[in-house]
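The residues making up each chain are set out below.
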Amino acid sequence: MRTKLHQFHGGLHLQGHKAESLSRDLQQASLPERLYLPLRQHIGEHNKPLVDVGNRVLKGHAISASTSLIRAAVHAPTSGTVAAIGDYPVAHPSGQTDTCIVIDVDGEDEAATPFIPDLQQLDAREKIELICRAGIVGLGGAAFPSSPKLSRGKVQGIDTLIINGVECEPYITCDDMLMRHYSAEILRGVGYLQRILNPKVTLIGIEDNKPEAIAAMTRALAHAQLAAAEIVPIPTIYPSGGEKQLIQILTGREVPLGQLAFDIGLFCQNVGTCVAIARALEQDQPLISRVVTITGDNIREPGNWEVRLGTPVRHLVELAGGYLHGDSSHLVMGGPMMGFSLQGDQVPIVKASNCIMVMREQTMAHSLGYHDECIRCSKCTEVCPAQLLPQQLYWHARAGAFERAHEYHLFDCIECGCCSAVCPSGIPLVQYYRAAKSEIRAAQKALIKSDRARLRFEFRERRLLLKKQQEEERRRLKREALQKKKVQAGGEIPIADPVQAALERVKARKLAQQEDSQ
Amino acid sequence: MTNVIVSSPYLAPGNSLKRLMTQVIIALIPGTVAYAWYFGPGVLINITLAVLFALMFEAIALKLRARPVMPHLTDLSAVVAAWLFALCLPMHSPWWLVLVGIGFTMIAGKHVYGGLGFNPFNPAMVGYVVLLISFPREMTTWYLPGSVSGATLTLGDALAYSFGGADIHQWDALSSATPLDQIKTGVGQHIAISEIRLSPVFGNYGGKGWEWVSLGWFVGGLWLLGTRTIRWHIPVALLGGVLAMALIFYLVDIERYASPLFHLLSGAVVIGAFFIATDPVTAATTDRGRIVYGLLIGFLIYVIRVWGGYPDAIAFAVLLANMCVPFIDYYTQPRIYGEK
């Protein structure tokens, strides 16, 4: 069987810059002195800490969790003592701090006793439960918890399982390394996914600039017990690793607007996630480490490390030989197209961290300051994989005409950065879109809030009015009852006006005096 | 260590306005050379003057608007606009005509709207139209190619004309109506086109000399397409529009309506298709919209040429189509990913 490949609209041929970090083999990162584990490392609500300061934790202990539907617990990556729970810098585009559990590493790396179930006895729902308990999220970058996605996929019914080993963004090589080293484990993870979802076909997409990974995966597939699975090398063009783009390449289908992949019977999972699933099910090992690329033009020894979550970037930089030119580095988490700048090297590695780019300030300098105006050349339209009109979006976003931008499908922008990369005017287009998106979201939130406040106010007004009416009604009834009682008691008593009576008395007296004087 | 937060992508820019404009200038060279070869060095004087005046106006306008001067002055957009404007003028024009026209191009056509990227109308066409309706005599005094008039004009002669030192009577003998003009007047007097075309100003297909100049623009246009500076939609639709209209009427009456090839190779159709209508700022921006835009201009060119008051019509056709651009763009939005 040979899968027919399709094309997606636009895209870019970019300089790979992958050789730098592939020049060294995968290494195990040493443990730092302290680990910083943010309560939230996935898409969804914040976790609540399960430990207190001073508690001793073992490797694999759950230290924070939540009860919401979209959830992913965080586990202690090694043994140690909880030193603090508080706000620390985290990897987030806003550069803000977030609550982290800080673990003082004791160096023992003592693991909690694993509970290894008999996988043959488990049904799909129980397997999903184990995956949930292991805190597994999509490791391709979005960090969406895997278990709710699997549950939905199972309910919807899946015909094609797509395994994403594309890694299309320049500089990043962690999935490449992972496929070279853990191909068998990846395929075992794929096997579990197959048993949960029962797809008809499984397609493993890998960009053709990774011949070694393709070879390793093909060798492993020959020995694996997988039904109807195929390794599909795909042409190297950015952003072929985007979920929607990969679906288009492998199946020729588009995910309809407003729907998700499993709505049309497709399920995508990253190769790293497959390894995590295999480890969770086979060894009861939660998600406590991942492969991270550290590369860029200001790091001495670029490469890939298997790193415990919570390890500060600084520790990784030291492992990679330190900065080449002083420490005036620009750090980026993720790749050059979709990554985001870090505030400093104290931020920790989280589940979503696939790459740390260490760049010299001057190589990044162009991203700031003056840019020319849009001349509507529509180079951006040519490369947009979502087939949007970036120039029109920019026009409206810049003018603050957010409704118009919404109309031009602002929220279908996948922020791949192709438009910015080709713009002859050097406009940071994606930055404008991100800003517009967050303003629209904020406005919507404010609208919901003000709507709620208005409803509350109106309800209160109604309540007070009702109370007043009831009060009046009560008084009226009481008055009526009183009236009735008086009538029964013997006719109406005329009400005497004291003023009138006094006046009449005075009048009578005057009259009497006049009569006297006459 | 604290970094300034900037947003991805972080790649070094691979393109620039300057690069784009340089491609246009390169593409203008073959046609300009052919023009100077057939009609003398006057056009080169016009281009030089127009570029110098344009840069002057651009600098003044930026200064007044308190905008950074050097980045805009060096992006070459003013040079391209001036060059195109100069090519619209009669080959010999007095210096003040260039000054007034380019003044309107840069100020009224571009900077009053907010500068590059914000002007709704093609600036060079704005400047040209202002001159055409303000100075009809100067703007319709065209000269024959040297091979027809027999006179060889030196650079000195052309300079003398530009700066007012020439004997106007002597020049009058060399002036002539353009081929498009002659067709228009001839047809108006019920002369058959086959007869009109006996005049020495006509070449094999279009006007003598003009057909080669058009070929030069065509070569330049292919360069623009090859370097992906422009895309095919506008030129193909525009040329297609002119050809289709010309073909229909040519088939109706061969003696009243000139051949499609004549329409294509006369006047400014080819330069209009590849260089003027493709000005991205004022053109439609969607693929389908560009086809509509190109067809509209092609259609208007033919209508104005044949039934309108002007022998050539690129400027009016382009300006009219510019007005429709927001409308065209709104109704020709592409289907986006995942849309039914």
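Undergrad: I'm lost on the overall build of chain B in this one. Help?
TA: Assigned secondary structure in chain B consists of 18 helices and two strands. Taken over the C-alpha trace, chain B has a radius of gyration of 21 Å; the compact-globule value for 340 residues is 20 Å, and the two agree within 12%. Along the three orthogonal principal directions, the C-alpha set of chain B runs to about 80 × 55 × 30 Å. Among the 340 residues that make up chain B, the fraction classed as buried is 50%. Within chain B, residue pairs in contact and separated by at least 24 positions form 74% of the contacts whose partners lie at least 6 positions apart.

Undergrad: Can you walk me through the overall build of chain A in this structure?
TA: A tally of helices and strands in chain A yields 16 helices and 17 strands. In terms of C-alpha radius of gyration, chain A reaches 34 Å, well past the compact-globule figure of 24 Å for 518 residues. Principal-axis analysis of the C-alpha atoms gives chain A an extent of 140 × 65 × 50 Å. Counting the 518 residues in chain A, one finds 47% classified as buried. In chain A, of all internal contacts separated by at least 6 residues, the share reaching a separation of at least 24 is 72%.

Undergrad: Would you take a moment to explain the interface of chain B and chain A for this structure?
TA: When the parts of a complex come together, some accessible area is lost, and that lost area is often taken as the interface size. In this assembly, 36 residues from chain B lie in contact with 52 residues from chain A. Of all the elements, helix α1 (residues 17-39) of chain B adds the most residues to the side of chain B that touches chain A, at three residues. A per-class count over the side of chain B that touches chain A returns 19 nonpolar, 12 polar and five charged.

Undergrad: What exactly am I supposed to notice about helix α13 (residues 210-226) of chain B here?
TA: It helps to recall that an α-helix has 3.6 residues per turn; residues three or four apart then point in one direction. Residues and elements named next belong to chain B. An ideal rise of 1.5 Å per residue puts 24 Å on 17 residues; α13 measures up with 24 Å between its terminal C-alpha atoms. All of the buried residues along α13 are Trp-210, Glu-211, Val-213, Ser-214, Gly-216, Trp-217, Phe-218, Gly-220, Gly-221 and Leu-224. As for α13, its buried residues are in contact with α1, α11 (179-188), α14 (233-252), α15 (260-265) and α16 (269-276). Just downstream of α13, Arg-228 is the residue with a positive phi angle, here 55°.

Undergrad: Just checking my understanding: could you explain the domain arrangement of chain B for this structure?
TA: Residue and element names in this part refer to chain B. Entries for chain B in the domain assignment read domain 1 (16-176) and domain 2 (177-327). A straight line from the C-alpha centre of domain 1 to that of domain 2 covers 20 Å. In this assembly, 30 residues from domain 1 lie in contact with 28 residues from domain 2. Of all the secondary structure elements, the ones that give two or more residues to the side of domain 1 that touches domain 2 are α1, α4 (77-88), α6 (123-134) and α8 (146-149). The biggest single contributor to the side of domain 1 that touches domain 2 is α1, with 13 residues.

Undergrad: Looking at this structure, I do not really get the environment of Trp232(B). What am I missing?
TA: Residues and elements named next belong to chain B. For Trp-232, the position within the fold is in the loop between α13 and α14. The partly exposed category is assigned to Trp-232, around which 13 C-beta atoms lie within 10 Å. Sequence separation between Trp-232 and Ile-291 is 59 residues; the distance between their C-alpha atoms is 9.1 Å.

Undergrad: What is the right way to read the sheet that holds strand β17 (residues 355-360) of chain A from this model?
TA: Across a sheet, strands are paired by hydrogen bonds formed along the backbone, either parallel or antiparallel in direction. All names here are of chain A. Across the sheet, six strands lie side by side as β1-β14-β13-β17-β15-β16; this open sheet has mixed pairing. Looking at strand neighbours, the two that pair on one side only are β1 (27-28) and β16 (340-341), the edges of this open sheet. Pairing of strand β13 (residues 289-295) with β17, which is carried by three bridges, proceeds in the parallel orientation. Each bridged residue has a counterpart across the sheet, and for Ile-294 the counterpart in β17 is Ile-356. Taken strand by strand, helix α4 (residues 174-181) contacts β13, β14 (303-308) and β17, and its axis lies near 125° from that of β13.

Undergrad: Would you take a moment to explain unusual backbone geometry for this structure?
TA: One can expect most non-glycine residues to show negative phi and most peptide bonds to be in trans. Residue and element names in this part refer to chain A. Along the chain, Tyr-238 connects to Pro-239 via a cis peptide bond; the corresponding omega equals -5°. Examined against the element boundaries, Pro-239 turns out to sit in the loop between β11 (229-234) and α7 (243-251). Backbone geometry places Tyr-171, a non-glycine residue, at a positive phi of 75°. Position of Tyr-171 among the secondary structure elements: in the loop between β9 (160-165) and α4. Of the residues examined, Tyr-171 has 27 C-beta atoms within 10 Å and is grouped as buried. A positive phi is found at Ala-228, a non-glycine position, where the angle reads about 45°. Ala-228 sits in the partly exposed class, given 13 other C-beta atoms within 10 Å.

Undergrad: So what exactly am I meant to see when it comes to the packing of α4(A) against helix α6 (residues 211-223) of chain A here?
TA: The description of two packed helices rests on the angle between their axes and on the distance between the axes. Residues and elements named next belong to chain A. For the pair α4 and α6, interaxial distance at closest approach is 8 Å and the crossing angle is 35°. As α4 packs across α6, the resulting crossing turns out to be left-handed. Here Asp-176, Met-179 and Arg-180 of α4 come into contact with α6, specifically with Glu-212, Ala-213, Ala-216 and Met-217. Split by residue class, the contact of α4 with α6 holds four nonpolar, no polar and three charged.

Undergrad: I tried to follow the nonpolar core on my own but got confused; where do I start?
TA: One broad rule of soluble globular proteins: the nonpolar side chains tend to lie buried together. Residue and element names in this part refer to chain B. Grouped together as the largest cluster of nonpolar side chains are 243 residues, with contacts concentrated most on Ala-50, Ala-54, Ala-82 and Trp-83. Counting residues per element, this core draws most heavily on α4, at 11 residues. Taken domain by domain, the makeup of this core includes at least three residues from each of domain 1 (16-176) and domain 2 (177-327).

Undergrad: I tried to follow the pairing of β11(A) on my own but got confused; where do I start?
TA: Regular strands show a simple pattern: their side chains alternate between the two faces of the sheet. Residues and elements named next belong to chain A. The pairing of strand β10 (residues 201-207) with β11 spans six bridges and is parallel. Bridge pairing links Thr-202 to Ala-229 in β11. Remark: the β10/α6/β11 crossover connection has right-handed handedness.

Undergrad: Please clarify how the sheet that holds β11(A) should be interpreted in this entry.
TA: Residue and element names in this part refer to chain A. One open sheet holds the four strands; their spatial order is β11-β10-β9-β12, and the pairing between them is parallel. The two strands at the open ends of the sheet, each matched to only one other strand, are β11 and β12 (266-270). Between one strand and the next, the sheet's axes are offset by a mean angle of 25°, whatever the strand orientation. Where β9 lies against β10, six bridges are found, and the strand directions are parallel. In the sheet register, Ile-162 faces β10, and the bridge partner there is Leu-203. Here helix α8 (residues 271-283) sits on the sheet in contact with β9 and β12, set at roughly 80° to β12.

Undergrad: I keep staring at the pairing of β13(A) and nothing clicks. Help me out?
TA: All names here are of chain A. Most of β13 is tucked away, with seven of its seven residues classed as buried. By the alternation rule, side chains of β13 split into Ser-289, Val-291, Thr-293 and Thr-295 and Arg-290, Val-292 and Ile-294, which are all buried. Bridge count between β13 and β14: six bridges; the pairing is antiparallel. Paired with Ser-289 across the two strands is Arg-308, which belongs to β14.

Undergrad: What's the story with the packing of helix α2 (residues 124-133) of chain A against helix α5 (residues 183-197) of chain A in this structure? I'm lost.
TA: Residue and element names in this part refer to chain A. Remark: α2 packs on α5, axes separated minimally by 9 Å, with the N-to-C direction vectors making an angle of 135°. Accordingly, the angle class assigned to the pair α2 and α5 is oblique. Judged by the twist between their axes, the crossing of α2 over α5 is left-handed. Contact residues: Ala-124, Lys-127 and Ile-128 in α2; Tyr-192, Arg-195 and Ile-196 in α5. When grouped by side-chain class, the residues that make up the contact of α2 with α5 number four nonpolar, no polar and two charged.

Analysis parameters
Residues numbered from 1 in each chain as written. Chains lettered and ligands numbered in written order. Predicted model: local features only at pLDDT ≥ 70, side-chain atom pairs only at ≥ 80, totals over all residues. Helix = DSSP H or I, 4+ residues; strand = E, 2+ residues; numbered from the N terminus. Rg over C-alpha atoms; globule rule 2.2 N^0.38 Å. Buried ≥ 20, exposed ≤ 12 C-beta atoms within 10 Å, placed from the backbone. Contact = placed C-beta atoms within 7 Å. Nonpolar A, V, L, I, M, F, W, Y, C, P; charged D, E, K, R; others polar. Expected span 1.5 Å × (residues − 1). Domains from an automatic or database assignment. Pairing = 2+ DSSP bridges. Axes fitted to C-alpha atoms, helices over the stretch in contact; angles between N-to-C directions. Left-handed = near helix turned anticlockwise from the far one by under 90°. Core = buried A, V, L, I, M, F, W, Y, C linked by C-beta atoms within 7 Å. Right-handed = clockwise from strand over helix to strand, strands pointing away. Parallel < 35°, antiparallel > 145°, perpendicular 65-115°, else oblique.

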